[in-house]
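Commentary on secondary and tertiary structure
Take a look at the letters that make up each chain.
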Amino acid sequence: MGVKYFADKRIFKLDANNTSYIIGIVDDENFIGHVYFGRRIADGHFSPESLMRINEYPFVPSKNKRDRLSFYDTFPQEYPTHGIGDFRETCLEIRDVNGHAVSKLQYVSHRITGGKPKLEGLPATFGNEDDCTTLELFCEDPVLGLEVVLVYTAFEKLDVITRSVRFRNNGRDPVWLKKALSCCVDLDGADFDIISLHGSWARERHVQRIPAGLGKKIFSSNRGEPGHQCNPFVAVVRPDATEDSGEVYGFNFVYSGNFYACVEGGQFETTRVAMGINPTDFEWLLEPGGEFIAPEVVMVFSYQGIGGMTRTFHDLYRGHLIRSPYRNKKRPVLINNWEATYFDFDTEKLLAIAREASALGIEMLVMDDGWFGKRNNDNCSLGDWVVNEEKIKGGLKYLVDEVNRLGMDFGIWFEPEMVSPDSDLYRAHPDWCIHIEGRTPGLSRNQLVLDLTNPEVVETVYGMLKKILSEANIRYVKWDMNRPLTDLGSNYLPPERQGEISHRYVLAVYRMLERLTTDFPHILVEGCSGGGARFDPGILYYCPQIWCSDDTDAIERLIIQRGTAMVYPLSTIGAHVSDCPNHVLGRTTPFETRGYVALAGTFGYELDVTRIPKEDREMIPEQVKMYHRYNDLIREGDYYRIADYGENRLYDAWMVVSKDKREALVTYIQVMQRPNYKSRRIRLKGLDENTVYRDEQTGETYTGSALMYAGINMTGLHGDFKGKLIHLTAV
Ligand code: GLA
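Residues numbered from 1 in each chain as written. Predicted model: local features only at pLDDT ≥ 70, side-chain atom pairs only at ≥ 80, totals over all residues. Heavy atoms only, no water.

1. Quick look at the environment of glutamate 93
Relative to the helices and strands, glutamate 93 resides in strand β5 (residues 92-95). With relative accessibility at 23%, the residue glutamate 93 sits in the partly exposed group. Note: C-alpha distance between glutamate 93 and lysine 178 (85 residues apart in sequence) is 5.3 Å. Once you skip the residues sitting within four places of it in the chain, glutamate 93 turns out to touch His82, Trp176, Leu177, Lys178 and Lys179. (Helix = DSSP H or I, 4+ residues; strand = E, 2+ residues; numbered from the N terminus. Buried < 20%, exposed > 50% of the residue type's maximum accessible area, 1.4 Å probe, protein only. Contact = heavy atoms within 4.5 Å.)

Here you go:
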């Protein structure tokens, strides 16, 4: 059992693989305290009171009535509430019918069950009784009549604890939730570093590491989606933590909307980490009997450095988050026409690309933006999901059948959440977009966001999608989302529920994705948002892969994919070989290197294969073979970062090792050549010390210990942006 209750000490001990997480119930008033989170400790023979410091004057609530606030302000709380004296970051802020903001939680009872219950309407990790155990702590604020259930799941074979919170109004009056975060942990020590992922369009998820220090550091989004700028992930790490050693606490929010993460160094050498829905643009009305679920936070602990954390996230997401039937399957090598043609295409052009592509071994054609309504640029037609037969001459079915005849599958692009002011949909229903009556909503990419809180809007748009997808043999959908939410107002919701728009929007997207994947289980759905602005575990629950970035330059991708793979498995990272000079950066890199970098993702092409240089085209069959040879390993193996070009400005290297350690693939990219440098030695990771490995290309054999401790020389590369693969198999 991964969760135990020790009644004598009133503690709950959650054990996840090498991790323990301990919660204590203290005092006559049943406060819920955080005892410990870290490397696994044995049952018994430790003092929860002393770890929570509850006997240290003046912090004894029942013994020290005159200084209650000192207790509140220092006690490590599992779910701190606002307004009673915990002046650090709190998780719960309410407004009651009298206009008051105070709440206070007390433990009432608990339930321990095998497995993990679903979170109604929300994506979340899953597991059965062999995988995990769930603890529900039933708490209440008796004055408000508010029940709050803190839900924890410990995964037994992975260093993972998940958390979420359920609210139920058992009182007679409504209560408004103004802030309802999903988790809070008070870590001991104020000398942590924070790792987070930041960027912009075309440079998503660059890794940042900064000292946590004292005071608050906030990582958040109020864009209605996570956005390019900040990912819903933070790791709080000991300052001596490296890639391969040291303590690391990773937090990832399973949510695709506004998020909030706060790391706060406090007055007594503790650090509080809180995460959940961003309270900005959030307010939820709980009528009597009403319920609300705060989405899941995944907490990963590693004492084997940042790399250990990464591999745990990858295992968890591949095994217990992604549901798609494609999750353990090789995805078809696709060619997408976006960078090949942009909006300027028709049936003939697409078929010309398909003909050439199929001859080279490419397996699927994806028709990107521009096939519907009157869409010849990005100024119109979103919402009019009707095939433009002036471009798609002969209709969609004809095109798909022709592509199928070439032995290729067919995929299609949608942006279902949006509407162009210049569209039939908008002209018929100008009130169906998110806006405030009397104000002109701001445009972005000349488009508006549909009010998905309105079921009629969802029904209409989903109906159009369903029709298209039923018309022809479509095997793949790219689900795009190309602007943030602003001007939050809904004609559908009453005034007292306008604060719910952002969250209801996300719930509606989830419902649509659920429907899509249920109605069309054979369709591979790839998430996308102006590149990688919505790359989060919430989307992965529905889509086994997400387009990582509109930047397909191999060198920039080293940094973007490294940051993405900090948390998300390589199998989820949408990566394509595109044409050069690169459309975003103007940089030219060897075609071969572009292939090596895309190999560390889903792999595909994004170019006009009829027009690229002959030498490049001739490399494609080999690249496709390379993908088929290595994809099982890359998709399912353990990922190790070896060298970071972002740090050393010279070279990058990573490797993937099969779970049984019988096979490994090393990718080395020499970004900048140095004069007089004939070779560079890198040390490998994750191999078995005593196994002898053969380098497939040279035939040389090495022990795992030699490769890991002495290293291997990278030779034979001359020039910038050059790369090579080393494939090792156990002899
Ligand atoms: C977004 C996507 C691109 C492409 C365009 C189409 O920017 O990230 O890959 O699909 O939209 O408009």
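That was the structure; now back to the text.
2. Focus on the packing of aromatic side chains
All chains considered together, the criterion is met by 37 aromatic pairs. Their ring planes at 40° and their centres at 5.9 Å tell us that tryptophan 371 and tryptophan 385 sit as a pair that is tilted. In this pair, tryptophan 371 sits in the loop between β21 (364-367) and α6 (395-405) while tryptophan 385 sits in the loop between β21 and α6, placing the two residues 14 residues apart along the sequence. Grouping residues by exposure puts tryptophan 371 and tryptophan 385 together as buried. Between tryptophan 385 and phenylalanine 414, the ring centres sit 5.4 Å apart and the planes meet at 65°, which makes this aromatic pair edge-to-face. Highlighted residues: tryptophan 385 in the loop between β21 and α6 and phenylalanine 414 in strand β22 (residues 409-414), separated in sequence by 29 residues. Taking relative accessible area as the criterion, phenylalanine 414 reaches 0% and is therefore assigned buried. Aromatic rings pair up to connect Tyr21, Phe37, Tyr152, Phe192, Tyr249 and Phe301 into one cluster. Above the plane of the ring of phenylalanine 46 lies lysine 9, whose end atom (NZ or CZ) is 5.9 Å from the centre. (Phe/Tyr/Trp six-rings, centres within 6.5 Å; stacked < 30°, edge-to-face > 60°. Lys NZ or Arg CZ within 6 Å of the ring centre and 35° of its normal.)

3. Remarks on α6
For α6, the complete set of buried residues consists of Gly395, Leu396, Leu399, Val400, Glu402 and Val403. Those residues of α6 hidden inside the fold are in contact with α5 (347-360), β21, β22 and α8 (455-471). Glycine 407 occupies a position one or two residues after α6 and carries a positive phi of about 85°.

4. Digging into the sheet that holds strand β38 (residues 722-730)
Taken together, six strands build an open sheet; the order of strands is β31-β32-β33-β38-β35-β36 and the sheet is antiparallel. Lying at the two open borders of the sheet, with one neighbouring strand each, are β31 (638-643) and β36 (701-703). Between one strand axis and the next, the sheet turns by 25° as a mean value, whatever way the strands run. Taken together, the seven bridges between strand β32 (residues 651-657) and strand β33 (residues 663-670) define a ladder with antiparallel strand orientation. Its bridge partner being in β33, methionine 655 is matched across the sheet by valine 666. Across the face of the sheet, helix α11 (residues 554-564) comes into contact with β31, β32 and β33 while running at roughly 50° to β32. Sheet strands touched by helix α12 (residues 591-599): β32, β33 and β38. Its angle to β38, the strand with the most contacts, is close to 50°. (Pairing = 2+ DSSP bridges. Axes fitted to C-alpha atoms, helices over the stretch in contact; angles between N-to-C directions.)

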